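# Structure at a glance
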Amino acid sequence: MALTDPSQALERIRIPLLLTQAGLWAERLTRAFWPLSSLIMALFAALAFGLQDHLSFNLLWIVGLATIAALAAALFLGLSRFRKPTRAEAMVRLDSRLPGRPLAALADQQVIGTGDPASLAVWRAHLQRMADRAAQARAVEPDLRLSSRDPFALRYVALTAFVMALLFGSLWRVASVSALAPGGANTLAAGPTWEGWAQPPAYTGKPTFYLNDITAESVDLPVGTRFQFRLYGEVGALTLTETVSGTTPAPNDPPTVAHDFTLTTSGTVSIDGPGGRNWQFIATPDALPTITASGSLGREADGRFRQPYSATDDYGVVAGHVTITLDLAAIDRRYGLTVDPEPQEPVVLDLPMPVSGNRADFTETLIDDLSKHVFANLPVTLVFAASDAAGQEGLSQPHSITLPGRRFFDPLAASIIELRRDLLWSRVNAPRSAQILKAITYRPEEFIRNERAYLRLRVVIRQLDSVAETMTVSLRDEIADELWEIALLVEEGDLASAFERLQRAQDRLDEAIRNGASPEEIEELMQEMRQALNDYMRELAEEAQRNPDSQMSQNMEGMQMSGDQLQQMLDELQKLMEEGRMAEAQELMEMLRQLMENMQVTQGQGGQGQGQGNQAMRDLGETLRDQQDLSDDAYRDMQEGQQGQGQPNGDDLSQRQGELRDRLGELGQGQLPGDGSEQGEAARRELDRAGRAMREAEEALRDGDLPGALDRQAEAIEALREGMRNMGEALAEEQRQPGDNQQGQNQGGTDPNSQRDPLGREPGDSARIGSDRNMLQGEDVYRRAEELLDEIRRRTGDQSRPETERDYLKRLLDMF
């Protein structure tokens, strides 16, 4: 629409202009009168909460006059600051938010060219553009921020007090100030009045009762309810008597207008005088919480225990704990437990509470791990305790259990843990523990598979021998922690040989069969057994591939067993253990052990290209054995010297150590497997480290420092073992070169079964159980593959299957 008059454009923005002007009113009123409004809200809150009832008459007058003066000053300050906003100011603010200030442009007049039609057309077009821009105007919001004028946020303090007074205050109390006004005495003479409140404890969740509205003569309230009464009017016109607090007022106490007491017993409360009232209050006691152990005790495979419990309370349980005490009467006091135990503080564990929901009646499960505590696997009593918000505590009946802890199924690890328990039981057992450890480590061959565990045990023996009579609690705990770590190393530490890992898995299963195991522990042990068996069978196949002329390869024909048959044996073993048929499980386990021993890898000479690498490995192994023997001799010399049975022969030992170091140096100067490869370089670094440790051990032996020499010898043994591992990997990598593989194929081509392992696998399939021979023949190959994939997907989605099985199936799907 063409613009004919600028006033038309102003009419189109009438609403935004009015709103902007209203915003200016709000802005200027807020800035001018915020002190006055804050004082009024604070005054109202003080009166509503009855501040005037706690002040003397004279002080109340002083406070009242000061308040009136403050209100007058705030009003004067506000009036002096306030300026009434005009329409022009609103238009300027609105125009400032528009591009090009179109409202100011619409008010302009054409000065030159008024008689020129072209100039007039340009001017009208300009006005039209400004009018279009002005039509887009929107109301400008007011700026109500007062942070620069009120840096301490006093206005928010007053507002909060005002809102709290509206919610929880009383308008009756505000009216009570009228007695101070002129003629207030006449108001008092009109008659006294009163107010009363009953506030139950917060934890009950019950609301506050306004007693002026309670007309019932008998009221049930929880013990701990707080009563507050205010008597208005002439002092003495109304009096209050009560028998619910259990206190007796003194006979000469003056009358008071404010009463505050707590409900402790059933009784009466009476207000005597005009408008008085009587109540009979029945005190409802807070019941004690109850808590009991519910459900059977559970044990996790990692040693954690699970004990469900149930707790109830009328208003909700706020906290709980369980106290675990040793049950001495139920302990079989044999071996290291025959001596009197050192004082042991009961174990106190906090109970888990529901994060959300009702705590008045719930069931939770305590999960914790006390495997490292001396109480583990011993009879104990559990006493559960629950407390409520009132501070009351309820106890359960003693619950007798054998405290679960991590179980060690390797016989050596179990022995170490038992000696650790004896040491924690009493430090008197230190000499006995040292003696048993010496017996265990006397001839470690074929018994202690982990060299690091053996060396660390010898260090513990040395500590026990030196401080057996003067052992402190802190040193005892330090040795106990070391024994725990050694037991873990024996139980689950890495073993270089797959056959050693298989033997350890079999030993742990034997121990579980003899002593019983939980379903979770059986599942973990069977998983370890399957993994160790798979690794061992892979090593069998790889050895047969590397050494086709060895005795092992020649004996493999006729020893084939399908992967399904082996899996059936393991499944049957797990089933027998879970059903508790331990005798049958023991027989099947022995059959499986004999089968594995018959298939043990027999080392052959290999081809001509492998002879040099194998010879280096044999030389290094012989050096390692000689170093172990030398370390044993040094340790025996140290023991005999400490016991006064002889003198340490340091010169002879240092000479032998020097010869070993020279032999290692000659070996390092020659060609080693994997020279130039990553594994070969790593092996040389480990051999260099072993040489340095041997030199330091030689110097320590020459100086008579046997403990220091033992530490350096342990480092040398560890470096030699690590170097052998790296050399073995390098040698295996060399044997997997394409030329060797081709040679192996030519050698085995005459007999299709000559290179198959005991599970019927081809040499190239050594990482899998079973064989894929003839798998892909026939016209239904693709249909069968699709069926297999569908079945794997179905089993993967079956939540009832074990987690380990579903993880394995997911990995299969990822591969295909």
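Computed from a predicted structure; not experimentally measured.

## What about helix α12 (residues 451-467)?
- Along its 17 residues, α12 runs 25 Å from first to last C-alpha, staying within 8% of the 24 Å computed at 1.5 Å per residue.
- Among all positions in α12, only E451, A453, Y454, L455, L457, R458, V460, I461, R462, L464 and V467 are buried.

## Some points on empty space enclosed by the protein
- Taken as a whole and judged by the stated rule, the model has four cavities of 30 Å³ or more.
- In this structure, the largest cavity spans a volume of roughly 80 Å³.
- What lines the largest cavity is a set of 10 residues, among which D410, I448, R449, N450 and V490 lie closest to the centre.
- Estimates place the volume of the second largest cavity at around 60 Å³.
- If you go around the second largest cavity, the residues you meet are A301, R406, R407, F409, R508, E521, E524 and L525.

## Quick look at the packing of aromatic side chains
- Scanning the model with the defined rule gives 15 aromatic pairs in all.
- With a centroid separation of 5.3 Å and 55 degrees between ring planes, the pair formed by F44 and F162 is classed as tilted. Here F162 lies in helix α7 (residues 154-168) and F44 lies in helix α2 (residues 14-48), a separation of 118 residues in the sequence.
- Put simply, the rings of W194, F227, F229, F261, W279 and F281 touch in pairs and so form one group of aromatic residues.

## Regarding the confidence of the model for the protein
- Of the residues in the protein, 78% have a pLDDT of 70 or more, and the chain-wide mean is 78.
- In the predicted structure, residues 181-190 sits below a pLDDT of 50 and forms six contacts with residues beyond four places in sequence or in another chain.
- This model gives residues 601-610 a pLDDT under 50, and the stretch forms 19 contacts once residues within four places in sequence are excluded.

## Points about the packing of α2 against helix α4 (residues 87-96)
- The interhelical angle for the contact between α2 and α4, taken along N-to-C directions, is 105 degrees, at an axis separation of 9 Å. Classified by the angle between their axes, α2 and α4 sit roughly perpendicular to one another. Residues P16, L17, T20, Q21, L24, E27 and R28 of α2 touch α4, and the partners they reach there are R87, E89, A90, M91, R93 and L94.
- Each residue belonging to the contact of α2 with α4 can be placed in one class, and the counts come to six nonpolar, two polar and five charged.

## Brief notes about the pairing of strand β6 (residues 258-262)
- Of the two faces of β6, the one lined by H259 and F261 is fully buried and the one lined by A258, D260 and T262 carries no buried residue.
- Inspection of the sheet shows strand β4 (residues 226-232) paired to β6 by five bridges, in the antiparallel sense. Within β6, the residue paired with F229 across the bridge is H259.

Conventions adopted
- Residues numbered from 1 in each chain as written.
- Predicted model: local features only at pLDDT ≥ 70, side-chain atom pairs only at ≥ 80, totals over all residues.
- Heavy atoms only, no water.
- Helix = DSSP H or I, 4+ residues; strand = E, 2+ residues; numbered from the N terminus.
- Expected span 1.5 Å × (residues − 1).
- Buried < 20%, exposed > 50% of the residue type's maximum accessible area, 1.4 Å probe, protein only.
- 1 Å grid on protein atoms, 1.4 Å probe; cavity = no way out; pocket = protein on both sides within 12 Å on 5 of 7 lines; lining within 4 Å.
- Points joined across faces, edges and corners; volume = space filled by probe spheres on them.
- Phe/Tyr/Trp six-rings, centres within 6.5 Å; stacked < 30°, edge-to-face > 60°.
- pLDDT = per-residue confidence, 0-100.
- Contact = heavy atoms within 4.5 Å.
- Axes fitted to C-alpha atoms, helices over the stretch in contact; angles between N-to-C directions.
- Parallel < 35°, antiparallel > 145°, perpendicular 65-115°, else oblique.
- Nonpolar A, V, L, I, M, F, W, Y, C, P; charged D, E, K, R; others polar.
- Pairing = 2+ DSSP bridges.

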